[in-house]
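# Understanding the architecture of this molecule
These are the residues of each chain, in order.
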Amino acid sequence: MAGMGHTRYLYLGLALACFAGILSIFIVDGYLGVYDILYITYDEYERKIEFDNQWIPEGEGTYYGGEITFGKPAYFRYQIENRTFSSYEDRLTVSVWEGSNKLVDLVDKQVKITSFGSAAVEWALTSDKLATSVINEEYSNYTIRISSSSQERKIIFGYRARSTIPPPPPVPLK
Amino acid sequence: MRIYALYGFGILLCISGVGYLAAEYVRYLSEVGKLLSLVLTTGMFAFLGKFLEAIGW
């Protein structure tokens, strides 16, 4: 019977060890790492994109940034959190693309973050930096590429032209 | 009997709390981390079952 007692506590100990292992995986693998978040503000509305924290990952690493009205500026804040025991240093470039054509470079900056620190890079995108094609079309899509040596984030957003078509005249009642 | 209802309620709260936290944080895990967590979860329930069997449940 003494052997049975030892076996029962061995099972209990192994179950607790598995539980402790799950917790340690969540802490080590889940918390540690370098994470980035993009905040896009336009039309009094802020959109937050947590790149490694999407319930439904969007197609091929491309995320949807929203729809901006032509003529109104959009403000971007790219936050990088370094949850590692070493400092993080990388060159960050941000550019706007339309298909395979690069339209404009927005940011080219060396970023250095201390261990368990964070840094934010901000920029603004105004309509005059983009091609004028959107003026002739009602809607155009652009891609913002945020590139570092280890990864590239792609955010597609739409630029919608203000409607210049006058409303139809009222129909007179007969 | 009432005390067992309270135990049951507490256990349900614990399970739902742990489940909520797991659902929140599993998004941050890598694929290897998710696989290891699955293996350890299976092992945990298997050993817990053996323990309950050994104590006469």
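In the block above lies the structure referred to throughout.
Summarised in this report is the structure supplied together with it. These numbers were taken from a predicted model, which means no experiment stands behind them.

So, on to the overall build of chain B. On a plain count of helices and strands, chain B comes out with two helices and zero strands. Taken across its 57 residues, chain B has 5% of its residues classed as buried.

Soluble globular proteins tend to bury their nonpolar side chains together. The biggest cluster of nonpolar side chains holds 16 residues, and the ones touching the most others in it are Ala 74, Phe 76 and Ile 144 of chain A. Those elements that place two or more of their residues in this core are β1 (33-42), β4 (74-83), β5 (88-98), β8 (139-147) and β9 (152-160) of chain A. Those residues in contact with Ala 74 of chain A that lie beyond four places of it in its chain are Ile 40, Thr 41, Tyr 42, Ile 68 and Leu 125 of chain A. In terms of nonpolar packing, the next biggest core, distinct from the first, is built from six residues, Ala 15 and Ile 22 of chain A together with Phe 47 and Phe 51 of chain B among them.

What follows covers the sheet that holds β4 of chain A. All names here are of chain A. Spatial ordering of the open sheet is given by β2-β1-β4-β7, a layout of four strands whose pairing is antiparallel. Of all strands in the sheet, those bounded by a partner on one side alone are β2 (45-50) and β7 (117-125). Sheet twist, expressed as the average angle between the axes of neighbouring strands with direction ignored, equals 15°. For β4 and β7, the ladder comprises nine bridges, and the chain directions are antiparallel.

Turning next to the environment of Ile 146 of chain A. Here Ile 146 of chain A is to be found in strand β8. When the C-alpha positions of Ile 146 of chain A and Leu 106 of chain A are compared, they lie 9.7 Å apart, and in sequence the two are 40 residues distant.

With that out of the way, let us pick up the interface of chain A and chain B. At the junction of the two partners, chain A supplies 18 residues and chain B supplies 18 residues. Taken together, the residues that form the side of chain A that touches chain B break down as eleven nonpolar, four polar and three charged.

Following the sequence through the fold, Phe 51 of chain B ends up in helix α2 (residues 31-54). Overall, Phe 51 of chain B belongs to the buried group, with 20 C-beta atoms counted inside 10 Å.

This next bit is on the sheet that holds strand β3 (residues 62-69) of chain A. Residue and element names in this part refer to chain A. Reading across the sheet, the five strands line up as β3-β9-β8-β5-β6 and stay open at both edges, with mixed pairing between neighbours. Two strands close off the open sheet at either side, each with one partner strand: β3 and β6 (101-113). Strand-to-strand, the axes of this sheet are offset by a mean angle of 20°, without reference to chain direction. Examined bridge by bridge, β8 and β9 share nine bridges and lie antiparallel to one another. Bridge assignment links Arg 145 to a residue of β9, and that residue is Lys 154.

This brings us to unusual backbone geometry. Excluding glycine, residues mostly have negative phi values, and the peptide bonds linking residues are mostly trans. Residues and elements named next belong to chain A. In this structure, Asp 43 takes a positive phi of about 50° despite not being glycine. Inspection of the secondary structure assignment puts Asp 43 in the loop between β1 and β2. Given 11 C-beta atoms within a 10 Å radius, Asp 43 is considered exposed. Positioned with a positive phi, Phe 116 is a non-glycine residue whose angle comes to about 55°. Turning to its location among the elements, Phe 116 is positioned in the loop between β6 and β7. With 12 C-beta atoms counted inside 10 Å, the residue Phe 116 sits in the exposed group.

Cut-offs applied
Residues numbered from 1 in each chain as written. Chains lettered and ligands numbered in written order. Predicted model: local features only at pLDDT ≥ 70, side-chain atom pairs only at ≥ 80, totals over all residues. Helix = DSSP H or I, 4+ residues; strand = E, 2+ residues; numbered from the N terminus. Buried ≥ 20, exposed ≤ 12 C-beta atoms within 10 Å, placed from the backbone. Core = buried A, V, L, I, M, F, W, Y, C linked by C-beta atoms within 7 Å. Contact = placed C-beta atoms within 7 Å. Pairing = 2+ DSSP bridges. Axes fitted to C-alpha atoms, helices over the stretch in contact; angles between N-to-C directions. Nonpolar A, V, L, I, M, F, W, Y, C, P; charged D, E, K, R; others polar.

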